Amino acid sequence: CLDAATGKKKWSVDFTKRYESPVPSFGFVCSPLVTDDHLYVQAGSGLVKLDKETGKSVRRALEDKGGIYGSAFSSPAIGSPNGTKQLLTQTRTDLAGVDLDSGEVLWQQPVKAFRGMNILTPTIFKNSVFTSSYGGRSLLFSLAKTPAGFSVSEKWANRQEGYMSSPIVIDGHCYMHLKKQRVTCIDLKNGDTKWISSKSFGNYWSMVSNGKEILALDENGDLFLVEPNPGKLVIKESREISK
């Protein structure tokens, strides 16, 4: 943690030492999520909650043993399906909802992927959660609130495989860069593929949106301005970013 005004270091955490966990094969991958007074991150063989001012551990959930299916890649997100605010988290093997205060796992759903390549940030759509995995499929899970807690059911599955690029959702449609380097648009209501690009792009896209347009940057420094059109892929402009 750095002081924003001065750039001086306030605190640092070595998760492998703090939790005596193995060093991840792919290094530190998860993007930390900061909200209110805390920071959440998948590191140290689990989902860790830290005090953002001091770096002290508050608690750890979804613990794993490390190894080939440990040390998650996905970054957490916050959503409120059925009115219950929670931390949406994807481990190497499971999709889960975790209570922000207590760390209780509210629900958990296995997601098949090649060697645990569940990398995308979980995406909320109404009272459902979307994800897609390398060697698996694109999936939308419905979350229902019951007296016993949450129940999870698969609403639909689509054979398109995401990889590292978390999708953008606009007007009920999911725009996603695929493992096969194409781009697709999926209707989140029913899982239908609206289109797949005929053109290949880079190995990875990093995407952001203002709700009207999408910016996509690949690993080669090519930047694309994309129109979110469920009828076809529309690249409005592209340029190379200096390396």
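Asker: Please give an account of empty space enclosed by the protein that cites residues and values.
Answerer: Under the defined criterion, the tally for this structure stands at three cavities of 30 Å³ or more. Empty space within the largest cavity amounts to approximately 70 Å³. Listing elements by their share of the lining of the largest cavity, those giving two or more residues are strand 3 (47–51) and strand 4 (57–61). Taken together, the residues that form the lining of the largest cavity break down as seven nonpolar, two polar and four charged.

Asker: If you had to explain the nonpolar core to someone new, which residues and values would you point to?
Answerer: Formed by 13 residues in total, the largest nonpolar core has its most connected members in Tyr-175, Trp-205, Met-207, Ile-214 and Phe-224. For this core, the secondary structure elements donating two or more residues are strand 13 (168–170), strand 15 (183–187), strand 17 (205–209), strand 18 (214–218) and strand 19 (222–227). Once residues lying within four places of it in the same chain are set aside, the contact partners of Tyr-175 are Pro-167, Ile-168, Ile-170, Thr-184, Cys-185, Trp-195, Met-207, Ile-214, Pro-228, Asn-229 and Pro-230. By size, the runner-up hydrophobic cluster in this structure holds ten residues, among which are Leu-120, Phe-130, Ile-186 and Leu-188.

Asker: Give me the lowdown on the sheet that holds strand 16 (residues 193–196), citing residues and values where you can.
Answerer: Spatial strand order, 13-14-15-16: four strands in an open sheet with antiparallel pairing. Two strands lie at the open edges of the sheet, namely strand 13 and strand 16, each paired on one side alone. In this sheet, neighbouring strand axes are inclined to one another by 20° on average, regardless of whether the strands run parallel or antiparallel.

Asker: So, the sheet that holds strand 4: which residues are in play, and what are the values?
Answerer: In a beta sheet, neighbouring strands are held together by backbone hydrogen bonds and run either parallel or antiparallel to one another. Strand order in this open sheet of four strands is 1-2-3-4, and the pairing throughout is antiparallel. Taken across any chain shown, the strands that pair with only one partner, and hence form the sheet edges, are strand 1 (33–35) and strand 4. Within this sheet the neighbouring strands show an average axis-to-axis angle of 20°, counted without direction. Alignment of strand 1 against strand 2 (residues 38–42), held across three bridges, turns out to be antiparallel. Residue pairing across strands places Val-34 opposite Leu-39, the latter belonging to strand 2.

Asker: Residue-level account of the packing of aromatic side chains, with values.
Answerer: This structure, assessed with the given rule, holds ten aromatic pairs. Ring geometry for Phe-201 and Phe-224: centres 5.3 Å apart, planes at 85°, overall edge-to-face. In this pair, Phe-201 sits in the loop between strand 16 and strand 17 while Phe-224 sits in strand 19, placing the two residues 23 residues apart along the sequence. Exposure remark for Phe-201: the relative accessible area of 10% places this residue in the buried category. Here the aromatic cluster, defined as three or more aromatic residues joined through ring pairs, consists of Phe-114, Tyr-134, Tyr-163 and Tyr-204.

Asker: Describe the pairing of strand 8 (residues 105–110), naming the residues involved and giving the relevant values.
Answerer: Bridge count between strand 7 (residues 94–98) and strand 8: five bridges; the pairing is antiparallel. Across the sheet, Gly-97 pairs through a bridge with Trp-107, a residue of strand 8. Linking two consecutive strands that pair antiparallel, namely strand 7 and strand 8, is a turn of six residues; a positive phi of about 80° is found at Gly-103 within it.

Rules of the game
Residues numbered from 1 in each chain as written. Predicted model: local features only at pLDDT ≥ 70, side-chain atom pairs only at ≥ 80, totals over all residues. Heavy atoms only, no water. 1 Å grid on protein atoms, 1.4 Å probe; cavity = no way out; pocket = protein on both sides within 12 Å on 5 of 7 lines; lining within 4 Å. Points joined across faces, edges and corners; volume = space filled by probe spheres on them. Helix = DSSP H or I, 4+ residues; strand = E, 2+ residues; numbered from the N terminus. Nonpolar A, V, L, I, M, F, W, Y, C, P; charged D, E, K, R; others polar. Core = buried A, V, L, I, M, F, W, Y, C linked by side-chain atoms within 4.5 Å. Buried < 20%, exposed > 50% of the residue type's maximum accessible area, 1.4 Å probe, protein only. Contact = heavy atoms within 4.5 Å. Pairing = 2+ DSSP bridges. Axes fitted to C-alpha atoms, helices over the stretch in contact; angles between N-to-C directions. Phe/Tyr/Trp six-rings, centres within 6.5 Å; stacked < 30°, edge-to-face > 60°.

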